[in-house]
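# An overview of the molecular structure
Below are the chains, spelled out letter by letter.
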Amino acid sequence: MAAEPTGTYLTLDDGRPAVRFSRTYDHPVDRVWQFVTDPDELERWFPSRAEIELRPGGTVRFSGDPYMADSTGRVIAVDAPRHLSFEWGGDELHFDLEEAEDKRTRLTLTNVLTAEDSAARNGAGWEVCLTTLDARARGEQVAGPHAGSDAPWQELYAAYVAAGVPSGAPVPGLE
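If you're wondering where the values come from, they're calculated on a predicted model, not measured in any experiment.

Cut-offs and rules
Residues numbered from 1 in each chain as written. Predicted model: local features only at pLDDT ≥ 70, side-chain atom pairs only at ≥ 80, totals over all residues. Heavy atoms only, no water. Helix = DSSP H or I, 4+ residues; strand = E, 2+ residues; numbered from the N terminus. Polar contact = N/O pair within 3.5 Å; in protein donor to acceptor, adjacent residues only side chain to side chain. UniProt positions renumbered as here; feature names shortened; annotations may be inferred. Salt bridge = Lys/Arg side-chain N within 4 Å of Asp/Glu carboxyl O. Buried < 20%, exposed > 50% of the residue type's maximum accessible area, 1.4 Å probe, protein only.

### Focus on the side chain of Thr-108
Inspection of the secondary structure puts Thr-108 in strand β8 (residues 104–112). Only 3.3 Å separates the side chain of Thr-108 from the side chain of Ser-22, close enough to count as a polar contact.

Okay, structure coming up:
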């Protein structure tokens, strides 16, 4: 079965490129908030361990990504448990949570890109990460987003490129 991208490439009102993903989880908002703010939860699905000072201007410490050096970012905005945005590797990540029917939560992740040509690469990467989060939210034991070459990122990358999503940025680990 061919990989099907779930992300959307878009240009924000301010002209910046972005990729956006939406998922709905069978958990209340407070639980999904833990998935996107707790370092131990993030470590299971996010590309890096992220320790976040949950306040505007707070520091985010990223570590453990085999493809990136440890680094820091800055919290842009927090409205617990509905919104978190922070800088990461030059990009911005925005997590928006809203209540859905039956105590479910809709998570929208928007990756505002520094460079347009990183859209396909980042889209494929987020697909792998969010698939891991999806499994975690279902209570499945998962190895994490860096589980090895079995992750279908290359097929997902090709699907994004075939869909006309801008590409060409270097892919960490392939240089």
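Once you've had a look at it, read on.
### Some words on the UniProt feature "domain: Activator of Hsp90 ATPase homologue 1/2-like C-terminal" (unreviewed entry) in the protein chain
With numbering matched to this structure, UniProt assigns "domain: Activator of Hsp90 ATPase homologue 1/2-like C-terminal" (unreviewed entry) to residues 26–135. Between the C-alpha atoms that bound residues 26–135 there is a distance of 12 Å. The span itself is 30% helix and 39% strand.

### Re the pattern of salt bridges
In this structure the tally under the stated criterion is 15 salt bridges. Across the pair Asp-26 and Arg-104 runs a salt bridge, and its minimum N-O distance is 2.6 Å. Residue Asp-26 is located in the loop between β2 (17–25) and α1 (29–37), and its partner Arg-104 is located in strand β8; the two are separated by 78 residues in the primary sequence. Overall, the relative accessible area of 59% leaves Asp-26 in the exposed class. Close ionic contact of Arg-49 with Glu-43 constitutes a salt bridge, the shortest N to O distance being 2.9 Å. Taken together, the salt bridges that share partners define one network made up of Asp-40, Glu-43, Arg-49 and Glu-51.

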